[in-house]
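Residue-level listing of the chains:
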Amino acid sequence: MFELLGVPPQALFGQVLLGLINGSFYAILSLGLAVIFGLLNIINFTHGAQYMMGAFVAWMCLNYLGINYWVALLLAPLVVGATGIAIERLLLKRIAHVDHLYGLLLTFGLALIIQGLFRNEFGSSGLPYQIPAELRGGVNLGFMFLPWYRGWVVVASLVVCLATWFLIEKTRLGAYLRAATENPTLTQAFGINVPLLVTLTYGFGVALAGFAGVLAAPIYSVNPNMGADLIIVVFAVVVIGGMGSILGAIVTGFSLGLVEGLTKVFYPEASATVIFIIMVLVLLVRPAGLFGRAA
Amino acid sequence: MKLKTFLTTTAFAALMAAPALAQQISIKAGVLNDRSGLYADLSGEGSVIAARMAVEDFKAAEKGIKVEIVSADHQNKPDVGSTIARTWYDQDGVDLILDVPTSSVALAVNQITREKNKIHINSGAASSDLTGKACSPNTVHWTYDTYALAQGTGGAMVKAGGDSWYFLTADYAFGHALERDTAAIVTKNGGKVVGAVRTPFPGTDFSSFLLQAQASKAKVIGLANAGGDTINSIKQAGEFGIVAGGQKLAGLLVFLTDVHSLGLATAQGLVLTESFYWDTNDQTRAWADRFAKANGGKKPTMVQAGVYSGMLHYLKAVEAAKSKDSAAVMAKMKEMPTDDPLFGKGSVRVDGRKMHDMYLFEVKKPAESKGPWDYYKQVSVLPAAQAFRPLAESECPLVKK
């Protein structure tokens with residue numbers, strides 16, 4: 001059969017699939033960021049720490065309470081989302097009327113504090129978390145061995161991403177949300193509780209990060225810095241997709257995972273930088289991002 | 001400048017009154033390591049505790065030696081580490097710097113220590129260049145190095161039939177050094193290296209690289225990385241059925257805390273090289289128990305044990321030299337044999353290499369382990385003369401050929 005730049009097609013299919021799997025983490029995380037930025041105009045730098053909290057809550061559920069992975073998958077986002085709601089009500093609300101930069105600094109500081117607290121309590125080298133028994137092993141697809149768990153990650157994140165998109169673009173609640181994004185004062189005048197909407201949106205965005213954290217716990221090292229390592233890439237994804245664009249975040253998340261996966265085959269040394277190169281190119285051509293609207 | 005200096009005074013004021021010696025020597029030792037990042041668990045505060053235990057066990061105060069220990073976080077950044085080392089030597093009157101994991105920082109501190117004519121006893125860093133082309137009359141490299149890791153794990157895997165290798169190499173100085181040293185051992189023992197992939201550091205997802213390693217059909221996949229990179233690659237190798245498919249993983253630098261983090265279910269069967277394991281004999285167990293009590297229940301790593309052993313030998317040398325003059329103390333350290341409960345008998349070589357046996361361990365199966373921290377079973381002992389680079393091959397200018 002054919003070969004592409006010295007790489008057999010089997011290997012290539014495998015890498016494409018792996019790229020999509022990594023893309024699902026980028027998609028969920030950047031989706032949460034996009035939702036938060038869209039409504040609150042806050043660049044949520046705590047997102048990485050909240051993703052980490054999701055993984056740790058799953059670990060705590062298992063080790064302190066004996067709660068298994070599947071329940072943790074529901075419970076952890078709720079817990080992390082609740083902490084997000086507390087942060088919004090106690091802190092973010094107070095700086096909603098001032099410049100973006102304050103929100104950025106506040107959330108960045110919070111991220112450092114949260115990471116520091118977890119490091120103090122659990123150390124820096126991480127905690128073990130096993131893949132749930134139901135999803136161990138895998139299937140041989142001919143061109144690669146696909147672990148069941150990875151397959152599950154793609155399916156779960158696709159479902160969550162599409163559901164979120166549907167919720168925001170196609171339902172009445174989503175319509176309120178979009179209206180509040182467009183003009184909060186007018187929306188409030190129609191009798192819609194905008195502050196509540198803002199709080200719930202932040203909680204929801206944060207819960208998405210927590211959900212991604214639980215998904216990541218069995219395959220990545222569960223340590224206090226796990227989010228800090230990932231969040232920079234996720235920010236680049238959001239910028240490329242267009243700040244605040246829901247569909248942009250999802251599509252860009254998956255496709256950049258793909259690009260990164262292919263770079264790992266053809267020129268592995270550049271796989272950590274390729275996303276930023278794309279970001280520079282996109283910003284040069286379309287400053288508002290691929291799916292963003294110019295301000 | 002964020003210089004976090006934690007002052008820990010170990011002054012036995014009451015005991016100091018002991019009139020045994022007319023002359024008082026005061027020493028200030030700095031433990032410089034990672035206190036907040038990747039390597040904080042394997043060095044960090046534990047190394048400070050180990051240094052303090054050495055002072056206690058030596059009964060320094062009774063011998064007329066007053067020791068103060070300070071510590072700081074170098075954040076794994078050479079510039080931060082250099083600034084702290086200079087401040088310590090120039091302004092704070094620090095006499096020796098201990099630990100310093102992360103090869104790039106260690107090489108910087110090595111250079112500054114030589115300029116200032118102080119003493120550096122390195123426990124945490126891996127690069128064999130510290131006693132090779134970068135060797136210094138002021139540095140002792142205590143616990144392990146990339147050459148010994150390669151000899152141990154690399155040599156053993158080839159002898160066990162793993163004669164074709166594929167490397168996953170962290171793309172920076174340390175990873176390259178480890179790959180270079182291991183590839184040399186593999187080839188020397190009749191094996192061959194079929195390929196290598198340079199992975200960006202630090203990385204999260206290694207599945208793509210693991211699939212490339214799988215496709216290479218190499219019998220052994222060598223992980224020339226450390227910390228979180230190693231943990232992630234081992235975790236994901238299990239997930240992708242690499243070990244179940246018959247390929248072996250060689251963790252070239254794995255610490256006890258990494259195994260603790262992976263859990264035995266994931267780490268079982270892994271072969272690794274270390275110079276110290278807490279559950280080796282009665283003496284190491286007794287010491288590890290005392291250490292764990294002070295360290296929140298966590299057992300010591302070889303790096304922390306090395307800080308203890310190095311500090312102890314330094315104090316003995318000061319006592320013998322009756323002075324803290326760097327040249328006199330270094331001469332005594334190299335002249336006197338080393339002996340302590342953790343590493344047994346050994347010596348410090350002219351190039352600054354501390355000589356002791358290395359051990360090849362295999363990680364236990366979950367069923368074999370009696371509980372937390374019971375992780376290793378010993379496979380073989382690598383005598384010091386085999387473990388470390390022979391002086392005849394040394395690139396160190398201090399070695400007269």
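Residues numbered from 1 in each chain as written. Chains lettered and ligands numbered in written order. Predicted model: local features only at pLDDT ≥ 70, side-chain atom pairs only at ≥ 80, totals over all residues. Heavy atoms only, no water.

Let us look at the domain arrangement of chain B. All names here are of chain B. When its domains are assigned, chain B resolves into domain 1 (6-144 + 280-351) and domain 2 (147-274 + 358-382). A straight line from the C-alpha centre of domain 1 to that of domain 2 covers 29 Å. Across the contact, 18 residues belong to domain 1 and 19 residues belong to domain 2. Taken over both partners, the interface formed by domain 1 and domain 2 buries close to 1,400 Å², and the fraction arising from carbon and sulfur atoms is 71%. Remark: the boundary between domain 1 and domain 2 carries 1 salt bridge. We note a salt bridge from Arg 180 to Asp 129, for which the minimum N-O separation is 4.0 Å. Between the two partners, domain 1 and domain 2, sit 1 residue pair in polar contact (both at pLDDT 80 or more). (Domains from an automatic or database assignment. Contact = heavy atoms within 4.5 Å. Buried area = accessible area lost by both parts, 1.4 Å probe. Salt bridge = Lys/Arg side-chain N within 4 Å of Asp/Glu carboxyl O. Polar contact = N/O pair within 3.5 Å; in protein donor to acceptor, adjacent residues only side chain to side chain.)

Between chain A and chain B, the residue contacts involve 34 residues of the former and 30 residues of the latter. At the boundary of chain A with chain B, total buried surface from both sides reaches about 2,500 Å², with 52% on carbon and sulfur atoms. Seen at the junction of chain A and chain B, the total is 2 salt bridges. In this structure, the connection of chain A to chain B is made through 18 residue pairs in polar contact (both at pLDDT 80 or more). Broken down by secondary-structure element, the contributors of at least two residues to the side of chain A that touches chain B are α1 (9-40), α4 (100-122), β2 (145-147), α5 (148-170) and α10 (246-266) of chain A. The residue inventory of the side of chain A that touches chain B, partitioned by class, reads 18 nonpolar, 11 polar and 5 charged. (Helix = DSSP H or I, 4+ residues; strand = E, 2+ residues; numbered from the N terminus. Nonpolar A, V, L, I, M, F, W, Y, C, P; charged D, E, K, R; others polar.)

This next bit is on the pattern of salt bridges. Residues and elements named next belong to chain B. Applying the stated criterion across every chain yields a total of 24 salt bridges over all chains. Where Asp 95 meets Lys 324, a salt bridge forms, and the shortest distance between an N and an O atom there is 3.2 Å. A residue pair is termed long-range when its members are at least 10 positions apart, and Asp 95 in the loop between α3 (78-90) and β4 (96-99) and Lys 324 in the loop between α12 (302-321) and α13 (326-335) qualify at 229 residues. Since its relative accessible area comes to 9%, Asp 95 is described here as buried. (Buried < 20%, exposed > 50% of the residue type's maximum accessible area, 1.4 Å probe, protein only.)

On the surface, a nonpolar cluster with roughly 530 Å² of combined accessible area is contributed by Ile277(A), Val280(A), Leu281(A), Leu284(A) and Val285(A). Of note, Leu281(A) is situated in helix α11 (residues 274-285). (Patch = residues over 30% accessible without salt bridge, like charges linked within 9 Å, V, L, I, M, F, W, Y side chains within 5 Å. Areas by Shrake-Rupley, 256 points an atom, 1.4 Å probe, with all protein chains shown as cover.)

Here the focus is the pairing of strand β15 (residues 358-363) of chain B. Residue and element names in this part refer to chain B. The element β15 is extensively covered by neighbouring structure, given that 5 of its 6 residues are classed as buried. Both strand β11 (residues 271-274) and β15 contribute to a ladder of 4 bridges, which runs antiparallel. Each bridged residue has a counterpart across the sheet, and for Thr 273 the counterpart in β15 is Leu 360. Examined bridge by bridge, β15 and strand β16 (residues 376-382) share 6 bridges and lie antiparallel to one another. The residue of β16 that forms the bridge with Tyr 359 is Val 381. (Pairing = 2+ DSSP bridges.)

Let's shift gears to the packing of helix α9 (residues 226-241) of chain A against α10(A). Each pair of packed helices can be summarised by the angle the axes make with each other and by the distance between the axes. Residues and elements named next belong to chain A. One way to put it is that α9 packs onto α10 with a least axis distance of 8 Å and a crossing angle of 120°. Taken as axis vectors, α9 and α10 run oblique relative to one another. As for how α9 packs across α10, the hand of that crossing is right-handed. Judged by residue contacts, Val 237, Ile 240 and Gly 241 of α9 engage Gly 248, Ala 249, Thr 252, Gly 253 and Leu 256 from α10. A per-class count over the contact of α9 with α10 returns 4 nonpolar, 4 polar and no charged. (Axes fitted to C-alpha atoms, helices over the stretch in contact; angles between N-to-C directions. Parallel < 35°, antiparallel > 145°, perpendicular 65-115°, else oblique. Left-handed = near helix turned anticlockwise from the far one by under 90°.)

Here we come to the packing of aromatic side chains. In the structure shown here, the tally under the stated rule is 26 aromatic pairs over all chains. An aromatic cluster of three or more residues is present, and its members are Phe56(A), Trp59(A), Tyr64(A), Phe118(A) and Phe122(A). Here Lys63(B) stacks its cationic end above the ring of Phe58(B), 3.9 Å away from the centre of that ring. Directly above the ring of Trp278(B) sits Lys299(B), whose terminal nitrogen or CZ lies 4.4 Å from the centroid. (Phe/Tyr/Trp six-rings, centres within 6.5 Å; stacked < 30°, edge-to-face > 60°. Lys NZ or Arg CZ within 6 Å of the ring centre and 35° of its normal.)

A few words now on the confidence of the model for chain B. Residues and elements named next belong to chain B. Looking at chain B as a whole, its pLDDT mean stands at 91, while 94% of the residues score no less than 70. Averaged pLDDT values over the elements of chain B bottom out at 39 in strand β1 (residues 6-10) and peak at 98 in strand β5 (residues 119-122). Long-range and interchain partners of residues 1-22, a stretch whose pLDDT sits below 50, account for 31 contacts in this model, where long-range means more than four residues apart. In the predicted complex, the global pTM is 0.86; the interface-specific ipTM is 0.85. (pLDDT = per-residue confidence, 0-100.)

Here we take up empty space enclosed by the protein. Residues and elements named next belong to chain B. Inspection of every chain in the model, using the stated rule, returns 5 cavities of 30 Å³ or more. Forming the walls of the largest cavity are 14 residues, and the residues nearest its centre are Tyr 39, Thr 102, Ser 103, Gly 124 and Leu 253. Its residues assigned to classes, the lining of the largest cavity comprises 11 nonpolar, 3 polar and no charged. In terms of domain composition, the lining of the largest cavity takes at least three residues from each of domain 1 (6-144 + 280-351) and domain 2 (147-274 + 358-382). Volume-wise, the second largest cavity comes out at about 70 Å³. Listing elements by their share of the lining of the second largest cavity, those giving two or more residues are α8 (227-239) and α9 (256-262). Shared between two domains, the lining of the second largest cavity holds at least three residues of each, these being domain 1 (6-144 + 280-351) and domain 2 (147-274 + 358-382). (1 Å grid on protein atoms, 1.4 Å probe; cavity = no way out; pocket = protein on both sides within 12 Å on 5 of 7 lines; lining within 4 Å. Points joined across faces, edges and corners; volume = space filled by probe spheres on them.)

Next up on the list: the environment of Asp99(A). Residue and element names in this part refer to chain A. Note on placement: Asp 99 falls in the loop between α3 (69-90) and α4. Residue classification places Asp 99 among the partly exposed positions, given a relative accessible area of 46%. Residues Asp 99 and Leu 208 lie 109 residues apart in sequence; the distance between their C-alpha atoms is 26 Å. A polar contact of 3.1 Å, which involves the side chain of Asp 99, links it to the backbone nitrogen of Leu 101.

All names here are of chain B. One ladder, built from 4 bridges, connects strand β2 (residues 25-33) with β4; its direction is parallel. Paired with Ala 29 across the bridge in β4 is Leu 96. Direction of pairing for β4 relative to β5: parallel, over a ladder of 4 bridges. Looking at β5, one finds that Ile 97 is bridged to His 120. With helix α4 (residues 103-116) bridging β4 and the parallel β5, this β-α-β connection has right-handed handedness. (Right-handed = clockwise from strand over helix to strand, strands pointing away.)

Bringing the sheet that holds strand β14 (residues 354-355) of chain B into the picture now. Residues and elements named next belong to chain B. In space, the 3 strands of this open sheet follow the order β12-β13-β14, with antiparallel pairing throughout. Sheet topology places β12 (338-340) and β14 at the edges, where each strand pairs with a single neighbour. Summarising the sheet, strand β13 (residues 344-348) and β14 pair through 2 bridges and their orientation is antiparallel. Bridged to Ser 347 within β14 is Met 355.

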